[in-house]
Every structure is written in structure tokens, then in C-alpha cells.
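Understanding the architecture of this molecule
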Amino acid sequence: GDSVTQMEGPVTLSEEAFLTINCTYTATGYPSLFWYVQYPGEGLQLLLKATKADDKGSNKGFEATYRKETTSFHLEKGSVQVSDSAVYFCALSDFGNEKLTFGTGTRLTIIP
Amino acid sequence: EAEVAQSPRYKITEKSQAVAFWCDPISGHATLYWYRQILGQGPELLVQFQDESVVDDSQLPKDRFSAERLKGVDSTLKIQPAELGDSAMYLCASSPSGETQYFGPGTRLLVL
């Protein structure tokens, strides 16, 4: 079945550091890929998505590129801020099936 | 900006009691999802509705959980009787029948 494997956390960085959170997936079809963010005590917010190979999703300075050859969708940001502290979830939905399969999440803490 | 509404935000109950959670999706969204998120893990789908019909409830523990969306708008998720292992965040999401799901703030349940 479908699965998502995320870089284990927690991840602690200093403000303005470069961020990478790794995500790889296994799917039987041609999935769409997502990054969601969850701030403390809140629900999930869609951060970015990509629907086909080589697509790049971007939002709020975050980027991720759909790499079919390596089945990866790594999240990157060039300069993180304290306000980026949250839990980040990688997810996929397989073609023709709207169900989301999530990774276990990566907790990110940014230190001033 | 329209949002998914959920209530209550927090619920504390004793085991063997009944609990119910309510979700009001974004207006016009035909698809509604209930997810369970255990602390430290990613959300897992419990049930998916298309309008008033159940599309997927394969992961719903049907001996104690029930879900309904009678008029194809808002939805209720019920647990009876609650068990200690049901302590989790219960998330509702909606989509306009497509890939992007929009999440509510969740209901955090604690079973004592």
C-alpha cells in the first residue's frame, strides 16, 4: 500500500539557517504530493503541493520538487524564522483516490 | 476566508461514556473527512463522505465509532463507549471534490 517516510525529528535550527526536511514515498500509481504544517494546538494547513513529476510547489519561502526517479518530495527553505516553528507533515494522495496518507511528522524548532 | 468549523475544541470524558464531535465543512464542499491523529503521529483517515454517502470507512472501528452526514452538509462523529486508547486529536477536513483538503482546528479528546 501507499506510505510516506519522513525525516525523523525533532529538528532544531538557528534563525536564518537553511532547512531541509526529507520525505520519500511509496505509491502504486501516480500520486499528488503535499506538505502540511501544524502549529501548536491547531489543525493542519496546506503549505504546498505538486501534482506531477518535476513540478515544484512553493509557498511562504518553502519549496519542494516532485522527484519521481527518487520518489522524493523534500521540503526546503533558504532562511528560516522563529515563526516557522511547527510540525511539518508530508502526504500523498494516489491518482483517483482522494484519501491522504501522511508521514509521521517532523517537529521543527527555530532558535532566535 | 471560509474555514472548517469543529466543536468542541477539547473534550475530557471517562471511559465507557459516549462522546460526539461536530464538523461544519466549507460551504459547497461535497467531500468530508474525519481523521484521527494520535500524539506524535500523522493523521489517519477514519471515514470519508461524498455528500451524504460514505465512500470509505474501512479504518473506522465500527463496534464503537459511528459517523453521519445526514443532509450532506455538517457531520457528527460518535464514540460509544469511549476507551482509553481513543485519546487523540480528531480532525475534520473538506474538499470541493478534488485533491486539496482543508482542515479544521480539531477536537482534542482525553479519555480518563
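Please refer to the structure placed before this passage.
What you see is a predicted model, and the numbers here were worked out from it, not measured in a lab.

**Let's talk about the pairing of strand E2 (residues 11-14) of chain A**
All names here are of chain A. Side chains of E2 alternate between two faces, with Val 11 and Leu 13 buried and Thr 12 and Ser 14 left unburied. As paired elements, E2 and strand E12 (residues 106-111) share four bridges and run parallel to each other. Paired with Ser 14 across the strands is Ile 111, a residue of E12.

**Regarding the interface of chain A and chain B**
Counting residues at the interface gives 18 residues for chain A, matched by 23 residues for chain B. Contact between chain A and chain B buries roughly 1,500 Å² in total, counting both sides, with carbon and sulfur atoms accounting for 48%. Broken down residue by residue, the surface that chain A buries against chain B is led by A:Leu44, A:Glu98 and A:Lys99, which jointly contribute 34%. Where chain A packs against chain B, one counts zero salt bridges. Summed over the shared surface of chain A and chain B, the number is four residue pairs in polar contact (both at pLDDT 80 or more). Sorting the residues of the side of chain A that touches chain B by element identifies strand E5 (32-38), strand E6 (44-50) and strand E11 (100-102) of chain A as the ones contributing at least two each. Per-class residue counts for the side of chain A that touches chain B are seven nonpolar, seven polar and four charged.

**Side note on the environment of B:Gln17**
Residues and elements named next belong to chain B. Mapping Gln 17 onto the fold places it in the loop between strand E2 (10-13) and strand E3 (19-24). Gln 17 sits in the partly exposed class, given a relative accessible area of 41%. Sequence separation between Gln 17 and Val 54 is 37 residues; the distance between their C-alpha atoms is 25 Å. Sequence-distant contacts of Gln 17, that is, excluding residues within four places in its chain, are made with Ile 79, Gln 80, Pro 81 and Ala 82.

**Digging into the nonpolar core**
Generally speaking, soluble globular proteins have nonpolar side chains that are buried together. With 25 residues, the main nonpolar core has A:Trp35, A:Leu48, A:Phe73, A:Leu75 and A:Tyr88 as its most contacted residues. Elements that contribute at least two residues to this core include exactly E2, strand E3 (19-21), strand E4 (23-26), E5, E6, strand E8 (62-65), strand E10 (86-93) and E12 of chain A. No other element matches the four residues that E10(A) contributes to this core. Judged by nonpolar contacts, the second largest core, of 20 residues, contains B:Leu32, B:Val47, B:Ile79 and B:Val111.

Cut-offs and rules
- Residues numbered from 1 in each chain as written.
- Chains lettered and ligands numbered in written order.
- Predicted model: local features only at pLDDT ≥ 70, side-chain atom pairs only at ≥ 80, totals over all residues.
- Heavy atoms only, no water.
- Buried < 20%, exposed > 50% of the residue type's maximum accessible area, 1.4 Å probe, protein only.
- Helix = DSSP H or I, 4+ residues; strand = E, 2+ residues; numbered from the N terminus.
- Pairing = 2+ DSSP bridges.
- Contact = heavy atoms within 4.5 Å.
- Buried area = accessible area lost by both parts, 1.4 Å probe.
- Salt bridge = Lys/Arg side-chain N within 4 Å of Asp/Glu carboxyl O.
- Polar contact = N/O pair within 3.5 Å; in protein donor to acceptor, adjacent residues only side chain to side chain.
- Nonpolar A, V, L, I, M, F, W, Y, C, P; charged D, E, K, R; others polar.
- Core = buried A, V, L, I, M, F, W, Y, C linked by side-chain atoms within 4.5 Å.

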